[in-house]
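Each chain, letter by letter, is given below.
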Amino acid sequence: MDPMHGRMREQPKLAGPTSYERIVLKNPSEHHYMKVQLEFNGEGAQLSATQFKLLVVSALKNLHGEVGSSLPLDLLSFDEKTLCAVLRVCSRGLVKLWSSLTLLGHYKNHECSIRVIQTSPFLLALAGNSRELDLE
Amino acid sequence: MLRGLEACPRHLLVCEKSSFLHEKSRHSALVQSHYYNCSVSLLLPECASLPEHIKRTVDNFGRYYLVRNLPLHEFVKEDFINTFVKKGAFYALTYRTRIDQDNSAALLPTGKLILSVDKDTYEELGLQGKPSLYSGKNPLRYIIKIDLTEEGLAPGGKKFQRLNWAFTEKKPLKCDFLLAWDNTGAPSILSYFCKYTVKECNFKITSRISRDLPCPVLKSGDLHGKPEESCSSEELFDWLGAVSNSIDCDNDSSNFISAFCCPHPNTMVERAHLCTINGFVTPENIQRLLDQLREYFAEPKLTQWVSLIVHGFADSPVSWKECEHGFFKGGENLYSVVVFNNQDYWLQMAVGTHDGCPP
Amino acid sequence: MRFKSRYLLCELVLEDPRWRQNISQGTVVYNVREAIARTHGDFGAAACAVSLSVKYLNVYTGVLLLRCRKDFYQLLWSSLPFITSLDNRGQRIPCFINTLHVGGTIRTCQKFLIQYNKNQLLQLMKNCTNAAEKEAIRQSLQSCSLKSLEEPEFVLSKNEENE
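Residues numbered from 1 in each chain as written. Chains lettered and ligands numbered in written order. Predicted model: local features only at pLDDT ≥ 70, side-chain atom pairs only at ≥ 80, totals over all residues.

1. Details of the pairing of strand S2 (residues 53-57) of chain C
So, step 1. Alignment of S2(C) against strand S3 (residues 63-69) of chain C, held across four bridges, turns out to be antiparallel. Each bridged residue has a counterpart across the sheet, and for Tyr56(C) the counterpart in S3(C) is Leu65(C). (Pairing = 2+ DSSP bridges. Helix = DSSP H or I, 4+ residues; strand = E, 2+ residues; numbered from the N terminus.)

2. Some details on the sheet that holds strand S3 (residues 64-71) of chain B
Residue and element names in this part refer to chain B.
So, step 1. Taken together, eight strands build an open sheet; the order of strands is S7-S8-S6-S5-S4-S9-S3-S10 and the sheet is antiparallel. Each end of this open sheet is capped by a strand with a single partner; those strands are strand S7 (130-131) and strand S10 (198-201).
So, step 2. Of the strand pairs in this sheet, strand S5 (residues 104-107) and strand S6 (residues 112-118) are connected by four bridges, and their pairing is antiparallel. Residue pairing in the sheet places Ala-106 in a bridge with Ile-114 of S6.

3. As for the interface of chain A and chain B
So, step 1. Listed by partner, the interface residues are 48 residues for chain A and 56 residues for chain B.
So, step 2. Those elements that place two or more of their residues in the side of chain A that touches chain B are helix H1 (5-9), strand S1 (21-26), helix H2 (49-69), strand S3 (73-79), strand S4 (84-90), helix H3 (94-102) and strand S6 (110-120) of chain A.
So, step 3. Looking at the side of chain A that touches chain B, the element that brings in the most residues is S1(A), giving six residues.
So, step 4. Residue composition of the side of chain A that touches chain B, by class: 25 nonpolar, twelve polar and eleven charged.
So, step 5. Summarising the sheet, S1(A) and strand S1 (residues 12-19) of chain B pair through six bridges and their orientation is antiparallel. By the bridge assignment, Glu21(A) is partnered in S1(B) with Lys17(B). (Contact = placed C-beta atoms within 7 Å. Nonpolar A, V, L, I, M, F, W, Y, C, P; charged D, E, K, R; others polar.)

4. Things to note about the environment of Gly62(B)
So, step 1. Checked against the element boundaries, Gly62(B) lands in the loop between helix H3 (52-59) and S3.
So, step 2. A C-alpha to C-alpha distance of 48 Å links Gly62(B) and Leu5(B), two positions 57 residues apart in sequence.

5. Quick look at the domain arrangement of chain C
All names here are of chain C.
So, step 1. According to the domain assignment, chain C consists of domain 1 (5-104) and domain 2 (109-162).
So, step 2. Of the residues lining the interface, ten residues belong to domain 1; the matching set on domain 2 comes to five residues.
So, step 3. Elements represented by at least two residues in the side of domain 1 that touches domain 2 include exactly strand S1 (5-14), S3 and strand S5 (91-103).
So, step 4. Top contributing element to the side of domain 1 that touches domain 2 by residue count: S5, with three residues.
So, step 5. Across the side of domain 1 that touches domain 2, the residue classes break down as six nonpolar, four polar and no charged. (Domains from an automatic or database assignment.)

6. Re the domain arrangement of chain B
All names here are of chain B.
So, step 1. Split into domains, chain B comes out as domain 1 (10-62 + 203-351) and domain 2 (64-201).
So, step 2. For domain 1 and domain 2, the distance between their C-alpha centroids amounts to 32 Å.
So, step 3. Across the contact, 16 residues belong to domain 1 and 23 residues belong to domain 2.
So, step 4. Looking at the side of domain 1 that touches domain 2 residue by residue, the classes come out as seven nonpolar, five polar and four charged.

Written out as structure tokens, the structure is:
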């Protein structure tokens, strides 16, 4: 039995303990989240968050046209030093976004590529990546 | 083809509400059966520094070990089984192996050794296993389960000899292993595995305080939430992600960069403390932390709730209990416990594509 | 296995019907391709490039039959509304394309077209002013029955004459 059980019971309670309830949600997430990093071949360029978003949208427009570039897409965070970004896209646009990021090759005459570090339907999952656990 | 362009991988989110005071409350069973955890986070709204009793628990997490090139036959030795497996919870998991391409193994605290191997290795090993649930018609991955505490696995027995022969002669598998052992009185891992390169690892603890954070309003009795009254469990889960990734939630809908918002209704919180512990965390440690979080509300606090977030290993062969886990587009298996000040709790468990439904 | 196609039966509506005579199948294909590339990008253009063709274009009625692979006809279908002008040897001809029917074979499209034209004729009959016109329409209505599908070429040309 719970060792803390007795002590807790003495506390004044606001209401009776809640009844048990369980909900199973299948594919609940409307959005998918992607953690990506922009890499330059050789000397790179400085980007602001707005420029990065524009780069992603133009990549979408190149590969998937106006339909692709109008997908609901958010740049949740962008680190100007490491060029790491977290993108949010509606679930049906995940494949389109991923494919356009793959085919992205240039930014202002600099050769570049985008590395997808992690992707998940849960934003929380991006906070803990066991593959980044570094013990060296 | 065109449908594939819009498809998204399957995922599950299970939300539960209950109270710690219920006799049948499953919270500790669920925490205890999520064996491999790579990071634990505590989110305490309206808290400037970690309370002393929680800090002490975190500092007492102990250590875990990284052993290089450990042959698998070490786990089926009689000596090992008697000193470790039968004397408490011993955790082992392969390190830096990717479950979608490499061979990986895990030793559960129940004494079961689970191997997830590719087809070639499986055929070379010659041990009995089952094709992976997520490998389709032509299985390229097999799961082998060996119960080390089984009666039939007595030393000298036929089964024992075959196991030893498979791991030493037939196919000597070697991996880097993460080891954890909660029984401090027993001989230490360092001295037992002195033949190999063993590294003692400490947990990496990071703290961050976010200021002026919009924080969703929750009602412990209402998991679904009501418009204008309280937020649902799903919305909270999303928001927890935003806080953990330090994402700005204060955007308007016309913003070009992001239109991400905190769920409604919300209140402004002056500060929130996020403490993250990275490493090979055992369920026992998480259980202790959860108990301390319940005690947090012994004194009156400004906040209504605190949250505990636990991330599993993306490349572990199991998620909860012996439920098979795989890596498709992401190997997420995580859960979060929201502890309310009236001893209610919400539990949210999320898994990705190659995973069964959490228990 | 044979490759399955989808046929889109469309109506090309020009601002000035006199321009119709100048439009060739090549012009239409070129403009449709451009529209797909604009709305669905490189991916859409490449996906539809295989076997995209104009099977039939009637310069008198503006009826147009487009063929596309079954897998990707939705890309073609969704970009048709975005065509607002045809680029014809340097000239811009304002127009729009109405999709009348989507079928799996040319035959079903043809059946639909006959039915459609019949309905159009009935509409015309309601608006007739004199008896001679009415008689002409009645005659052409009789000629376009489903029975005469055996000679589809004949029916189609008959309908055209009535325009």
